[in-house]
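Inside the fold
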Amino acid sequence: MWQLGPDWRDEELLASRWRAAAPFPHLIFDDFVADGLMEVLDDEHVDRYEGDLFAFEASRPGGMRDVCEEFAAVLGPVLARITGKRIASADMRAFAYRPGHYLLPHSDHQDGLERLLAYAYYLPSPEPPRGGELELFRCELANGELVATESALLIEPRPHRLVVFDVSDVSLHQVREVLAGLRVSLAGWFYP
Amino acid sequence: MVLPVSLEDLLATRSAVIVANVVTPRPFDGYRRYALVDRGSYDFIDEPDAPELVACAAALIEQQTGDRRRYVESRVVRLVPGDYLLAHHDRIRDHGLEIVVDLSPTAAPAELHYRQHGQVFFRMPCVPGSAALIPRNPTVTSNHTYLSKLHTGEVVRWIALFV
């Protein structure tokens, strides 16, 4: 199902880009195509989730096992070599952001969860979204405390684009509010 | 069964009330911007000069509860489209009665949520001129929901603590 395009061939170059990326390590691939994925997702049920941090529709945690296992098998070893992290598994949920949906700034890091890398893969939409960019923030720390945050990068949710980023105390990011259309993605984390 | 919170605390949170048409909203000057975005994005004024609101709140508390309470502190929070204040940014209160007066110029699709152990038990909609009284204890937190950019306008809330 998952196919790595030519952008993935030079792993040394990707590793240096990973380390140099700002505001924290990340990579963006625009040639990551998944054959037959849309047919699988057509059968995927989504529920509405809402909290103080988010409002979106998503599939239930722990679902999409076959798609997720193949995704981890194809990408895990490559990303392990590029990032130097010992990746063994991944999880995956499907997300649908409609107008008014958002995911406010957070880092993904939580003690005990062992999230190594986060990813988002954007799918073709019947109504391409306006808004819904992935926004990365630069964090300034003083004595281990966050004292300032600043928007550093906006990543458009283009179809077949894969974004992979480091998970740490300072990997602050958000999904900006979708203002029109439908933003469809797969997202989750890689684990040791 | 052992409850992680006292029965008194649980019952206290169930006595939150909303009262309509308490004040006529008025503007404030001197806002500062809070922008540690993992906690909140909003404008605020700590200890605004608003003796009429303090007096109004004290009278409302006495009317609603039969108790006379002492004013402790207050702040004004203003949200513009795209703003929010998350629950983990809220100040924990040992005890007291919080009063919120909605000073928004117009109604907006935004709410103030009060939570106990993560569960929302009280929602204050944005209705200009209304007020809410909420008993506080260490198990209660609040958050101002995200104000959509699909909406124009702002939300203004005066929030005071009485003991």
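Keep in mind that this is a model prediction, so the values were computed, not measured. (Residues numbered from 1 in each chain as written. Chains lettered and ligands numbered in written order. Predicted model: local features only at pLDDT ≥ 70, side-chain atom pairs only at ≥ 80, totals over all residues.)

A word on the overall build of chain B. On a plain count of helices and strands, chain B comes out with two helices and eleven strands. Starting at the N terminus, the α and β elements of chain B follow one another as α-β-β-β-α-β-β-β-β-β-β-β-β. Taking 2.2 N^0.38 as the reference for a compact globule, 163 residues should give roughly 15 Å; the C-alpha atoms of chain B span a radius of gyration of 15 Å, in line with that estimate. Seen through its principal axes, chain B has C-alpha atoms that stretch 45 × 35 × 25 Å. Within the span of chain B, comprising 163 residues, buried residues form 34% of the whole. (Helix = DSSP H or I, 4+ residues; strand = E, 2+ residues; numbered from the N terminus. Rg over C-alpha atoms; globule rule 2.2 N^0.38 Å. Buried ≥ 20, exposed ≤ 12 C-beta atoms within 10 Å, placed from the backbone.)

For chain B, mean pLDDT is 91; residues scoring 70 or higher make up 91% of the total. This complex was scored by the predictor with a pTM of 0.91 and an ipTM of 0.91. (pLDDT = per-residue confidence, 0-100.)

It is worth spelling out the interface of chain A and chain B at this point. The interface of chain A with chain B comprises 15 residues on the first partner and 14 residues on the second. Breaking the side of chain A that touches chain B down by element, the ones donating at least two residues are β8 (102–106) and β12 (145–155) of chain A. The element that contributes the greatest number of residues to the side of chain A that touches chain B is β8 of chain A, accounting for four residues. (Contact = placed C-beta atoms within 7 Å.)

This part takes up helix α3 (residues 65–83) of chain A. When the local axis directions of α3 of chain A are compared, the greatest deviation, roughly 35°, occurs at Leu75 of chain A, which is followed within four positions by the proline Pro77 of chain A. The first or second residue beyond α3 of chain A is Gly84 of chain A, which carries a positive phi of 75°. (Bend = angle between axes of the 7 residues up to and from the residue.)

The omega torsion across Ala22 of chain A and Pro23 of chain A is 10°, close enough to zero to call that bond cis. Following the sequence through the fold, Pro23 of chain A ends up in the loop between α1 (11–20) and β2 (26–29). You will see that Asp108 of chain A, though not glycine, has its phi angle at about 75°, which is positive. Asp108 of chain A sits in the partly exposed class, given 17 other C-beta atoms within 10 Å. Positive phi, close to 50°, is recorded for Glu47 of chain B, a residue that is not glycine. Counting through the fold element by element, Glu47 of chain B comes out in the loop between β3 (40–46) and α2 (51–65). Residue class for Glu47 of chain B comes out exposed when judged on the 9 C-beta atoms lying within 10 Å of it.

What follows deals with the pairing of strand β10 (residues 140–144) of chain B. Within β10 of chain B, five of the five residues are buried, which leaves it mostly tucked inside the rest of the structure. What you see with β10 of chain B is no split at all: Val140, Ser142 and His144 of chain B on one side and Thr141 and Asn143 of chain B on the other are buried throughout.

Residues and elements named next belong to chain B. The topology assignment puts Ile18 in strand β1 (residues 17–19). Residue Ile18 is classed as partly exposed on the basis of its 17 C-beta neighbours within 10 Å. Between the alpha carbons of Ile18 and Arg123 there is a distance of 9.4 Å; along the sequence they are 105 residues apart. In this view, Ile18 contacts Met124, Ser130 and Ala132; residues no more than four positions away in its chain are not counted.

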